[in-house]
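Residue-level structural notes
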Amino acid sequence: MATPVLDKADAAGQPEPGFADSPYITVTFRVRRFNPEVAAEATWEDFQLEIDPKERVLDGLHKIKWDVDGTLTFRRSCAHGICGSDAMRINGKNRLACKTLIKDINPEKPITIEPIKGLTVLKDLVVDMEPFFQAYRDVMPFLVVKETNEPTRERYQSPEDRERFDDTTKCILCAACTSSCPVFWNDGQYFGPAAIVNAHRFIFDSRDEAGEQRLEILNDRDGVWRCRTTFNCTDACPRGIEVTKAIQEVKRALITRRY
Amino acid sequence: MKIHKYDTVIVGAGGAGMRAAIEATKRSRTAVLTKLYPTRSHTGAAQGGMAAALANVEEDNWEWHTFDTVKGGDYLVDQDAAEILAKEAIDAVLDLEKMGLPFNRTPNGTIDQRRFGGHSRNHGEAPVRRSCYAADRTGHMILQTLYQNCVKEGVEFFNEFYVLDQLITEVDGVKRSAGVVAYELATGEIHVFQAKAVIYASGGTGKFFKVTSNAHTLTGDGQAAVYRRGLPLEDMEFFQFHPTGIWRMGILLTEGARGEGGILRNKDGERFMEKYAPVMKDLASRDVVSRSIYTEIREGRGCGPEGDHVYLDLTHLPPEQLDAKLPDITEFARTYLGIEPYTDPIPIQPTAHYAMGGIPTNVMGEVLADNTTVVPGLYAAGEVACVSVHGANRLGTNSLLDINVFGRRAGIAAAEYSAKADYVELPDAPESFVVEQIERLRTSTGNERVATIRRELQETMDANVMVFRTEQTIKTAVEKIAELKERYRNVAIQDKGKRFNTDLLEAIELGNLLDLAEVMAVSALARKESRGGHYREDYPNRDDVNFMRHTMAYREVGADGSETVRLDYKPVVQTRYQPMERKY
Ligand SMILES: Cc1cc2nc3c(=O)[nH]c(=O)nc-3n(C[C@H](O)[C@H](O)[C@H](O)COP(=O)(O)OP(=O)(O)OC[C@H]3O[C@@H](n4cnc5c(N)ncnc54)[C@H](O)[C@@H]3O)c2cc1C
Ligand code: SF4
Ligand code: FES
């Protein structure tokens, strides 16, 4: 006997608690399309899908790409919110397509899907991530310790000191926060929330010795003072990081030079 | 077409690739080619931890770790390599800490450790706390830390470059690596990278299964590239099925959940692992637990209306413990299943997880052309490689360890080699294979679709070569794969453009999956025994007389152009440990 096939195609047709007889519903994906090899302007295109509402928006995009239109282009890899590939604007809000279930975003109306804002669109939902990663690299996102302080075994760190920067270690560099920030939209020079989050991760790490340098970088005119506390970033973060709070803590550290 | 020249080229920027890059960049002019942005690599999905006998929380030593690794691998492990893995584990963890990795800490400030399947004190006496971890985000922290250090060291990345071919030049009858050919996603341009040394660190190949913990991008590109060039693949029949994937989706729920005290239960609420593994119970080795789950399901004790899953029960653990130690996986249950793990058990089923087999290497990461000859200038490390430290079944937390230990070794060895070696001449028209492959797909007028063939492949693999196998099911898979390979010749794509043509790349990735699925099935058919992750119902026992040996699979092309898999075998390196029956 073979391994029992648990994921039979017909198994998906079984009624599930909480849903009417057939789990499938019809939804419209309204997708922002752009391919400079074909046309200079972006357009909207509607796709009708039969889909289980408990599936992810990413599953819907795959259905389109695999069964309807192979030219639809987007990035994705892990499909469960861990790799940061598929941040997009879904119904006007930045989310990961793989972490957003259809049932949670009002599928009775067309679901709009656009690339994240503030970064150059290259094709369909794919944007140029280079400026985003450049801002990240600019904040010295690595532990700095004087050679002479290198222990032979591990450095000690109390659970409390470890907890101090726990929230900002969770970042997956998806850019949902930075590309939801009105300051970043208006001025691409602004470091943006993600870079500040990653600076925070080191500034508040008791093992690090370059907090002062990083603070100086963020004291710049394109640095942390540009933040206007709109909380868009915190709302957008799929990892639940309190982004605005992290930015506030960096601002406070700049004033008091205590961290 | 562009030609680049580097001392060392690394294919892949997951844990193994970046660990290698940190070493190689210090010693040689290095380029890292990666189809994903480095931080998108699937190492970031690893949850539970990284093994090392630090003995921070209880007595432990590397010899016990070596034994557990050998036993866990059902004695197919090369014991010299396992010893290196366990010994160098301690420095590997300490190196990561020094690079900044935020491990969870004990009250006195040292790196905390927890239990994991198959890791024991004193040769199987009781579970031991050996896994170093950062909540259930250990892989994420490793990936981020290594990327941070690559930024610090100024590692040169070529992001969204897909390596599609390995260049080999024969010099005086010896196959040597000359470089690789890559496809740039953004522009569709072909790049030839001439390099003195090439390191494959391109990860696993789980996407030929349907229910899998692997990312969409884990399509075995590296394995397929070297296999096509006549180099062998080792032990490809050994694939690990992790016991606890989210029902139907395959998303992983770490074994750390059971390490923290989680319990598997059948529909009667029975803790069924007590029957199958009286000592280690829920923390027995993964192959044992996966088979136990399916035995429960087959015997009618599965859960749900179709009896097709079992439960992972965390409800008896304090919510604070779940929040502190398992925040991500409890969130997965909430997001994808709408289940609250504080109060409700989570439906799970085994999920295709890890390739034990891969490109054969020695302990320096040098790739083998046969049982003993190395291919000068060619290296591999991480899930793409087979050293073999995992044998027939990998222990949890030993892969994050493997990528660090052997990624580092390969990085150093390759850079030292390229410091003294000369460039090998490129073959004539080095780009021709890739150009033809792309043109064929772009201009094909066939009527087959990539998605259809891939779905059929995944379904046949799940049904026929997963946790339980027989002669008959494997043959069914072999035949189906042959049919799909035939149909693949007629595959057509819709996107004919140059920019970000992921339609084209999915077609190429499918070709790789088909080749590797064939190797897996043919290797599995010939192994008439059960060992670790390879379980044959028609041969339920381990057979050390005939099969205590590694499978080596080669691609043979007949005069008529037909392709077959030729199998050969390689002895297992045994040092301290004599094979014993495996009990948990
Ligand atoms: C969900 C999950 C949880 C896990 N948990 C644990 C755990 O707790 N402990 C443990 O020890 N192990 C764990 N593992 C296993 C372990 O995480 C992996 O085996 C390991 O991370 C693989 O690392 P890698 O560097 O070899 O490959 P990956 O991290 O997969 O990286 C592959 C790299 O290769 C690149 N690449 C692929 N193809 C090409 C190409 N054609 N051209 C260019 N680049 C290419 C990709 O861009 C990527 O950068 C887990 C695995 C999974 C799936
Ligand atoms: S802070 Fe959150 S939203 Fe911003 S890049 Fe990191 S994970 Fe994404
Ligand atoms: S695909 Fe990885 S985060 Fe969505």
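Residues numbered from 1 in each chain as written. Chains lettered and ligands numbered in written order. Predicted model: local features only at pLDDT ≥ 70, side-chain atom pairs only at ≥ 80, totals over all residues. Heavy atoms only, no water.

1. What to know about the overall build of chain A
- The helix and strand tally for chain A stands at nine helices and seven strands.
- Considered along the principal axes of its C-alpha atoms, chain A spans approximately 65 × 55 × 30 Å.
- Looking at chain A alone, contacts between residues at least 24 apart form 63% of all its contacts between residues at least 6 apart.
- Of the roughly 11000 Å² of accessible surface on chain A, a fraction of 49% belongs to carbon and sulfur atoms. (Helix = DSSP H or I, 4+ residues; strand = E, 2+ residues; numbered from the N terminus. Contact = heavy atoms within 4.5 Å. Areas by Shrake-Rupley, 256 points an atom, 1.4 Å probe, with all protein chains shown as cover.)

2. Some details on the state of the cysteines
- Summed over all chains, the structure comprises zero disulfides over all chains.
- Cysteine Cys233 of chain A remains unbridged, with the sulfur of Cys227 of chain A as its closest cysteine sulfur at 6.4 Å.
- Judged by its relative accessible area of 8%, Cys233 of chain A falls in the buried class.
- Considering cysteine sulfurs only, Cys171 of chain A is the nearest to Cys150 of chain B, which forms no disulfide, with 17 Å between them. (Disulfide = S-S within 2.5 Å. Buried < 20%, exposed > 50% of the residue type's maximum accessible area, 1.4 Å probe, protein only.)

3. Concerning the packing of helix α13 (residues 450-464) of chain B against helix α14 (residues 471-488) of chain B
All names here are of chain B.
- One way to put it is that α13 packs onto α14 with a least axis distance of 9 Å and a crossing angle of 170°. With respect to each other, α13 and α14 are oriented roughly antiparallel. Residues Thr452, Ile453, Glu456, Leu457, Thr460, Met461 and Asn464 of α13 form the contact with α14, whose participating residues are Thr473, Ile474, Thr476, Ala477, Lys480, Ile481, Glu483, Leu484, Arg487 and Tyr488.
- Split into classes, the residues belonging to the contact of α13 with α14 amount to eight nonpolar, five polar and four charged. (Axes fitted to C-alpha atoms, helices over the stretch in contact; angles between N-to-C directions. Parallel < 35°, antiparallel > 145°, perpendicular 65-115°, else oblique. Nonpolar A, V, L, I, M, F, W, Y, C, P; charged D, E, K, R; others polar.)

4. Brief notes about the site of ligand 2
- Residues in close proximity to ligand 2 total 13 residues, the closest being Cys171, Cys174, Ala175, Cys177 and Cys237 of chain A.
- When the residues that make up the shell around ligand 2 are grouped by side-chain class, the tally is twelve nonpolar, no polar and one charged. (Near = heavy atom within 4 Å.)

5. Points about the packing of aromatic side chains
- For the coordinates displayed, the defined rule picks out 21 aromatic pairs over all chains.
- Consider the rings of Tyr6 of chain B and Phe158 of chain B, whose centres lie 6.0 Å apart with planes at 85°: the pair is edge-to-face. In this pair, Tyr6 of chain B is assigned in strand β1 (residues 2-11) and Phe158 of chain B in strand β6 (residues 156-159), connecting sequence segments 152 residues apart. The two residues Tyr6 of chain B and Phe158 of chain B agree in class, both being buried.
- Summarising the aromatic geometry, the rings of Phe209 of chain B and Phe241 of chain B are spaced 5.4 Å apart at their centres and angled 90° between planes, so their arrangement reads as edge-to-face. Taken together, the positions of Phe209 of chain B in the loop between β9 (190-200) and α5 (221-228) and Phe241 of chain B in strand β11 (residues 239-246) put the pair 32 residues apart, joining distant regions of the chain. Each of the two residues, Phe209 of chain B as well as Phe241 of chain B, counts as buried.
- Site record: aromatic cluster; members linked through ring pairs are Phe132, Phe133 and Tyr136 of chain A together with Tyr37, Tyr147 and Phe157 of chain B.
- If you follow Lys117 of chain A out to its NZ or CZ, it ends over the ring of Trp185 of chain A, 3.8 Å from the centre. (Phe/Tyr/Trp six-rings, centres within 6.5 Å; stacked < 30°, edge-to-face > 60°. Lys NZ or Arg CZ within 6 Å of the ring centre and 35° of its normal.)

6. Section: the sheet that holds strand β14 (residues 346-355) of chain B
Residues and elements named next belong to chain B.
- If you trace the four strands from one edge of the open sheet to the other, you get β11-β14-β13-β12, paired in antiparallel fashion. At either end of the open sheet lies a strand with only one pairing partner, and these are β11 and β12 (263-265). Taken over all neighbouring pairs, the strand axes of this sheet differ in orientation by 45° on average, direction set aside.
- As judged from the three bridges shared by β12 and strand β13 (residues 310-313), these two strands associate in the antiparallel manner. Residue pairing across strands places Arg265 opposite Tyr311, the latter belonging to β13. (Pairing = 2+ DSSP bridges.)

7. Some words on the interface of chain B and chain A
- At the junction of the two partners, chain B supplies 78 residues and chain A supplies 74 residues.
- Taking both partners together, chain B and chain A bury about 6600 Å²; carbon and sulfur atoms supply 50% of that area.
- Joining chain B to chain A, the criterion identifies eight salt bridges.
- Taking the shortest distance from any N to any O, the salt bridge between Arg239 of chain A and Asp328 of chain B comes out at 3.2 Å.
- The interface formed by chain B and chain A includes 42 residue pairs in polar contact (both at pLDDT 80 or more). (Buried area = accessible area lost by both parts, 1.4 Å probe. Salt bridge = Lys/Arg side-chain N within 4 Å of Asp/Glu carboxyl O. Polar contact = N/O pair within 3.5 Å; in protein donor to acceptor, adjacent residues only side chain to side chain.)

8. Quick notes on the domain arrangement of chain A
Residues and elements named next belong to chain A.
- The domain boundaries assigned to chain A delineate domain 1 (25-127) and domain 2 (130-143 + 158-258).
- A C-alpha centroid distance of 28 Å is found between domain 1 and domain 2.
- Roughly 1100 Å² is buried in total at the junction of domain 1 and domain 2, and carbon and sulfur atoms are behind 62% of that figure.
- If you sort the residues of domain 1 by the area they bury against domain 2, Asn94, Lys117 and Leu119 come out on top, with a joint share of 42%.
- The tally of links between domain 1 and domain 2 comes to zero salt bridges.
- The interface formed by domain 1 and domain 2 includes three residue pairs in polar contact (both at pLDDT 80 or more).
- Going through the elements one at a time, β3 (87-90) and β4 (93-96) are the ones with two or more residues in the side of domain 1 that touches domain 2. (Domains from an automatic or database assignment.)

9. Details of the domain arrangement of chain B
Residues and elements named next belong to chain B.
- For chain B, the domain assignment lists domain 1 (242-350) and domain 2 (432-535).
- Measuring from the centre of the C-alpha atoms in domain 1 to the corresponding centre in domain 2 gives 31 Å.
- The interface is formed by seven residues belonging to domain 1 together with six residues belonging to domain 2.
- Note on domain 1 versus domain 2: buried area summed over both sides is about 550 Å², and carbon and sulfur give 74% of it.
- Counting the surface domain 1 buries against domain 2, the share from its top three residues, Arg291, Tyr294 and Arg298, is 69%.
- One can count zero salt bridges joining domain 1 with domain 2.
- The interface formed by domain 1 and domain 2 contains one residue pair in polar contact (both at pLDDT 80 or more).
- Looking at the side of domain 1 that touches domain 2, the element that brings in the most residues is helix α8 (residues 286-298), giving six residues.

10. Looking at the site of ligand 1
All names here are of chain B.
- Close to ligand 1 lie 39 residues; Ser41, Thr43, Glu383, Ser399 and Leu400 are nearest.
- One nitrogen or oxygen atom from the main chain of Ala201 is found 3.4 Å from an oxygen atom belonging to ligand 1.
- Take Asn398: an N or O atom from its main chain is 3.5 Å from an oxygen atom of ligand 1.
- Against a free-state accessible area of 1000 Å², the protein chains account for coverage of 98% of ligand 1.

11. Considering the UniProt feature "domain: FAD-dependent oxidoreductase 2 FAD-binding" (unreviewed entry) in chain B
- The sites that UniProt annotates as "domain: FAD-dependent oxidoreductase 2 FAD-binding" (unreviewed entry) are residues 7-400 of chain B.
- Along residues 7-400 of chain B, the helical share is 28% and the strand share 27%, with 27 Å between the first and last C-alpha atoms. (UniProt positions renumbered as here; feature names shortened; annotations may be inferred.)

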